[in-house]
Amino acid sequence: MGSFSIQKGRDILLKGAAKKEIVTIPLPKRVAVQPPDFNGLSSRLRVKVDDHVKVGTTIFSDKGVPEIQVASPASGKVVAVNRGDKRALLSIVIETDGRQEAESRPKFPREKIRTLSKAEITDVLLKGHLWPVLRRRPFSKVADPHLKPKSIFVHAMNSEPLAGDVDFILQGREGEFQAGLDVLKGLTDGDVHLCYAQGATSKALTQAAHVQTHMFSGPHPAGNVSTHIHYVDPINKGDLVWYVEAQDVLRIGSLFLSGVYPTERIVAVTGEGAVHHQVYAKTIVGAPLSSLLGGMTLQQMRCLSGSVLSGRDVGTGGYLRFYDSQVTVIPEGGKRELLGWLMPGARKYTFSRTFLSSFLPQREVSLDSGEHGSHRAIVLNHVYDSLVPLDIMTYFLIKAVLAGNVEEAEQLGILECDEEDFALCTFACPSKTDVGKIIRDGLALIDKKDSV
Amino acid sequence: MKFVENQMKKIGGLFAKGKPLEKFFPFFEAIDTFLLTPGTRTKKAPFVRDAVDLKRVMVSVIIALIPCILMGFYNTGYQIQTAKGLEYSFWGCFGLGLAKVLPIILVSYAAGGFWEALFAVVRKHEINEGFLVTGILYALILPPTIPLWQVAVGISFGVVIGKEIFGGTGMNVLNPALTARAFVFFAYPAQMSGDAVWAAVDGFSRATPLAVVATAQKGTSAIAALTDAGYTFKDMFLGFIPGSIGETSALACLLGLGFLLIAGVASWRVVAGCAVGLTAMSLVFFAFRGENSMAFFNLPPYWHMVMGGFAFGSIFMATDPVSSSATETGKWIYGILIGMLVVLIRMVNPAYPEGVMLAILFMNVFAPLIDHFIVQQNIKRRRARATAK
């Protein structure tokens, strides 16, 4: 039991938060399974176009560890297999038939779960297709069932701009949630750390048993997985930690209790572009964004699966990513202004204090997708420090990566980070440096070197 | 606005890949983004970006320099007036100074800008806004009588040797403006130092406050020597004294500092460190003053601060984020050592009456070393954590 107050970081007060109301969305006509969502898996397709699938039918499996399989979230017919460069699988689209017939799996009564062995649990998760919800640090890849993590983190808060309130989503769900936590506990000899926001009220969180609970408060990135791990059980070289999203803990609990591949996903629909639809939408994994936005015709809008800081631009025709529980719609930017560098800027949004707006009272802001500047060499090297709450020297870390000095990057703690931890740095950088990409490249370099 | 946008789009076509002017794209980019904010959109997360860019940052430094620039115009004229013993009006002084100083600023921008642009074209990168600051900083730390060709030679050295050969903006070890100043200081000492270069009147010479104290008889009071030479604390604080164009007024520098700190562009740690270092070192000398020691020994620290280039150097030069230390603790160490070195060079070294330029350049060289030790601390902490379990 710990309580951590994060000082560094910053909240971006975006317009368009979701109303605290859960709206059930009708089953979408199409859903998609997108292999690129699963970092670290190399996909081997197990269905063809026109195949009929059920809920829980294997769509693809990993080439490295074939037991890791990803399932269809709906029953219906495979209508498209989309490939990209070098025939890499991009998405498998399934036309739903509305019946949601499911493959059946063994189920377990609540009290039996705690008696299951690690091997049994691993087997149920793998065969039940829920294994991929477990991810690992370093590298944020899908966990390998043959490796032992030193601890498992449950990510039960989110501090990204407009992110859904995990505490609200978990209200009244303590049964499944505790079952899920028990499963996780059975997977590791170490601790299961449940990290949630200070002030949470749901019984699922406050009365969670058999786990270590930790409360975090403060500005973003107080809710990031890296922040939690860094303060609770930091990763040293050679360490392995698993983490899982709170909603996926619900799904794990539900798989064991019901014996059916659980597909439910509660998504916060946010952003000023999502007018009239800013609610918590109860839908299924892999749902199309259009179904959440009520078929709105969006012009000059950017549709993101995830948040503005770490999401992906999937477009109006895109689908929700596997791990995401947020959709954000923001206006497109790119409007040019005459002599913008000289204007007082009463309506500009900035972390710096170089515009008049910095001295006016803070209110919710409207931000578009404009880059607001051109790429330059890094000159102001002090902007990053106040935005990263980890004991990481960001400027020196990115210099080490850019110089290709993998060893120094490791010494400076790159293995404790993920690119999302530096999204605020990229946001605030006056030279418009993509700090997250540098970190991602550095991690990829180390991952490649280690696996050889 | 739409008109400007359309025109730029039309012209921009000529600089596109494969078009005749492709090589000169950096020029187009510089002018295009000067006129209009860039219209680029984010492609990957994060999808929203801060409104600040490097142009805005550099422009705020230039705004912070405005008091020094205006004071530089006025004081240059004022010194001519005093030298000739004439009565000019306020605008007379200002106009006279403007006529002297403006050509220096323009030559600095033109010559330095030429090298910036040349390297941008050859290296195929954008023209960096940082030069807007380097160009004016360099002009402000020159004596008003400097021949224009020396202005051009100096800034060329500063930009090419001080910055571009290290890889350009963001990579330089030394502050380019100070490198340029140091070059002309050592290459053309006759036009850069002595008593005759500070007022733009032929044949007139007057010792600067620093020279007055340095040459005062041993065992005498430094303040008395300054008063005898006609320098009061008030004049030195306000800046009505001979000296380099923009650095005579501590008040103008403080106004600039206020703006830099409000805008959050300069590091207060460096400036505070400089003040702490200078105070500490001059107090040490003050404590050891004897009957026969140099007059400098009994000069109180707050007089040191308004003399020479200390205020300007510590506020606008030492705070350059690229050439200063990049860690928070490092900035303190870096600043304090600059302050101490300034006093040390002023007092102990008989060759140079002023030490700010050399102190900052010297610490520029050491800044990476300071950072290295602080980064090692971080690495050690991480290693200790790993072995603790």
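Position numbers for residues count from 1 along each chain, tracking the sequence in the order it is written. Working convention: letters from A go to chains and numbers from 1 go to ligands, in the order in which they are written. Given that the model is predicted, a residue must reach a pLDDT of at least 70 before its local features are reported, and side-chain atom pairs must reach 80 or more before they are shown or counted; all residues, however, enter totals for whole chains, interfaces and linings. To obtain the side-chain values, all non-hydrogen atoms of the structure were included, while hydrogens and water were left out.

(A) Region of interest: the pairing of strand β8 (residues 76-83) of chain A. Residue and element names in this part refer to chain A. Across two bridges, strand β5 (residues 52-53) lies against β8 in antiparallel orientation. Of the residues in β8, the one forming a bridge with V53 is G76. As consecutive antiparallel partners, β8 and strand β9 (residues 89-96) are separated by five residues, and within that stretch K86 has a phi angle of approximately 50°, a positive value. When DSSP finds two or more bridges between two strands, those strands count as paired. Think of it this way: any DSSP run of H or I at least four residues long counts as a helix, any run of E at least two long counts as a strand, and we number them from the N terminus.

(B) Highlighting empty space enclosed by the protein. Definitions used for this entry: grid spacing 1 Å over protein atoms alone; cavity, a set of points where a 1.4 Å probe fits but cannot get out; pocket, an open set with protein on both sides within 12 Å along at least 5 of 7 lines; lining residue, one with an atom within 4 Å of a point. Grid points are joined across faces, edges and corners, and a volume is the space filled by probe spheres set on the points. By the definition in use, this model includes eight cavities of 30 Å³ or more. In this structure, the largest cavity occupies an estimated 340 Å³ of space. Around the largest cavity sit 25 residues that line it, and V379(A), M58(B), V133(B), D320(B) and P321(B) are the ones nearest its centre. Residue assignment for the lining of the largest cavity shows that the elements contributing at least two residues are α3 (54-84), α5 (130-140) and α15 (310-317) of chain B. Charged means Asp, Glu, Lys or Arg here, nonpolar means Ala, Val, Leu, Ile, Met, Phe, Trp, Tyr, Cys or Pro, and polar covers whatever is left, Gly included. Taken together, the residues of the lining of the largest cavity sort by class into 16 nonpolar, seven polar and two charged.

(C) How the structure looks around the sheet that holds strand β3 (residues 30-33) of chain A. Residues and elements named next belong to chain A. Taken in spatial order, the four strands of this open sheet run β3-β9-β8-β5, and their pairing is antiparallel. For this open sheet the edge positions go to β3 and β5, each flanked by a neighbour on one side alone. When β3 meets β9, the two strands line up antiparallel, connected through four bridges. Bridging across to β9, V33 finds its partner in I92.

(D) Region of interest: the packing of aromatic side chains. Two rings from Phe, Tyr or Trp (for Trp, the six-membered ring) form a pair when their centres sit within 6.5 Å of each other. Planes less than 30 degrees apart are called stacked, planes more than 60 degrees apart edge-to-face, and all others tilted. Under the defined criterion, the tally for this structure stands at 35 aromatic pairs over all chains. Ring geometry for F4(A) and Y231(A): centres 5.8 Å apart, planes at 50°, overall tilted. Residue F4(A) is located in strand β1 (residues 2-5), and its partner Y231(A) is located in helix α6 (residues 225-232); the two are separated by 227 residues in the primary sequence. Seen from their ring centres, F351(A) and F427(A) are 4.8 Å apart, and the 50° between their planes marks the pair as tilted. Here F351(A), found in the loop between β20 (326-331) and α9 (394-402), pairs with F427(A), found in helix α11 (residues 423-428); they are 76 residues apart in sequence, far enough to count as distant. F427(A) matches F351(A) in its accessibility class, with the two residues each being buried. Connected via pairs of aromatic rings, a cluster forms that spans F73(B), Y74(B), Y78(B), F90(B), W91(B), F94(B) and F240(B). Positioned over the ring face of Y243(A) is R137(A), at 4.9 Å from the centre of the ring. Think of it in three bands: with a 1.4 Å probe and only protein chains considered, a residue is buried below 20% of the maximum accessible area for its type, exposed above 50%, and partly exposed in between. When the NZ atom of lysine or the CZ atom of arginine is within 6 Å of a ring's centre and also within 35 degrees of its normal, the charge is said to sit over that ring.

(E) A positive patch on the surface, seen in detail. A contiguous patch of positive charge, built from R44(A), R46(A), K63(A), R83(A) and R87(A), is present on the exposed surface. Within the fold, R87(A) resides in the loop between β8 and β9. Candidate patch residues must exceed 30% relative accessible area and have no salt bridge, after which like charges are joined if within 9 Å and Val, Leu, Ile, Met, Phe, Trp or Tyr side chains if within 5 Å. To be clear on the numbers: accessible area is Shrake-Rupley with a 1.4 Å probe, and residue cover counts the displayed protein chains and nothing else. We count a salt bridge whenever a side-chain nitrogen from Lys or Arg sits within 4 Å of a carboxyl oxygen from Asp or Glu. Counted charges follow a simple rule, with Lys and Arg positive, Asp and Glu negative, and His plus the chain ends left uncounted. By convention, the point assigned to a charge is CZ for Arg, NZ for Lys, CD for Glu and CG for Asp.

(F) Structural view of the interface of chain A and chain B. Contacts between the two partners involve 74 residues from chain A and, on the opposite side, 60 residues from chain B. Take the accessible area each of two parts loses on contact, using a 1.4 Å probe, and add the two losses: that sum is the buried area. Approximately 6000 Å² of surface area, both sides summed, lies buried where chain A meets chain B, with 53% of it carried by carbon and sulfur atoms. For chain A, the biggest contributors to the area lost against chain B are R336(A), W341(A) and R376(A); these three give 16% of the whole. Where chain A packs against chain B, one counts eight salt bridges. Residue R376(A) pairs with E129(B) through a salt bridge whose shortest N-O separation is 2.8 Å. Definition of a polar contact: a pair of N or O atoms within 3.5 Å, with one able to donate and the other able to accept a hydrogen when the atoms are protein atoms, and with sequence-neighbouring residues admitted only if both atoms are side-chain atoms. Taken together, the links from chain A to chain B amount to 36 residue pairs in polar contact (both at pLDDT 80 or more). For the side of chain A that touches chain B, the elements supplying multiple residues, two or more each, are β18 (301-305), β19 (312-313), α9, α10 (406-411) and α11 of chain A. With four residues, the single largest contributor to the side of chain A that touches chain B is α11(A). Taken together, the residues of the side of chain A that touches chain B break down into 31 nonpolar, 24 polar and 19 charged. Note on contacts: a residue pair qualifies if any of its non-hydrogen atoms lie within 4.5 Å across the two residues.

(G) Structural context of the packing of α3(B) against helix α4 (residues 90-123) of chain B. Residues and elements named next belong to chain B. Helix axes are fitted to C-alpha atoms over the stretch in contact, other axes to C-alpha atoms as well, and angles between N-to-C directions run from 0 to 180 degrees. Where α3 meets α4, the closest approach of the two axes is 7 Å, and the angle between their N-to-C directions is 120°. Here α3 is positioned oblique relative to α4, judged by the angle of their axes. Crossing hand, α3 versus α4: right-handed. Contacts between α3 and α4 involve I62, L70, G72, F73, Y74, T76, G77, Y78, I80 and Q81 on the former and, on the latter, F90, C93, F94, L96, G97, L98, K100, V101, L102, I105 and Y109. Among the residues forming the contact of α3 with α4, the class breakdown is 15 nonpolar, five polar and one charged. An angle below 35 degrees is read as roughly parallel, one above 145 as roughly antiparallel, one from 65 to 115 as roughly perpendicular, and any other as oblique. When the near helix sits turned anticlockwise from the far one by under a right angle, the crossing is termed left-handed; a clockwise turn instead gives a right-handed crossing.

(H) The domain arrangement of chain B, seen in detail. All names here are of chain B. What marks off one domain from the next here is an automatic or database domain assignment. Once the domains are mapped, chain B shows domain 1 (2-35) and domain 2 (54-375). Domain 1 and domain 2 are separated by 37 Å when their C-alpha centres are compared. Taken together, the contacts link eight residues of domain 1 with seven residues of domain 2. Buried surface at the junction of domain 1 and domain 2, summed over both partners, amounts to about 570 Å²; 75% is from carbon and sulfur atoms. Between domain 1 and domain 2 we count zero salt bridges in total. Viewed at the interface, domain 2 and domain 1 are joined by one residue pair in polar contact (both at pLDDT 80 or more).

(I) Up close: the sheet that holds strand β11 (residues 141-142) of chain A. Residue and element names in this part refer to chain A. With mixed pairing, the seven strands of this open sheet are ordered in space as β1-β14-β13-β12-β15-β10-β11. Both outer strands of the open sheet, β1 and β11, are each paired with one neighbouring strand and no more. Here two bridges tie strand β10 (residues 135-137) to β11, and the two strands are oriented antiparallel to one another. Paired with R136 across the bridge in β11 is K141. Lying on the sheet, helix α7 (residues 246-258) is in contact with β12 (151-156) and β15 (241-245); it crosses β15 at an angle near 85°.

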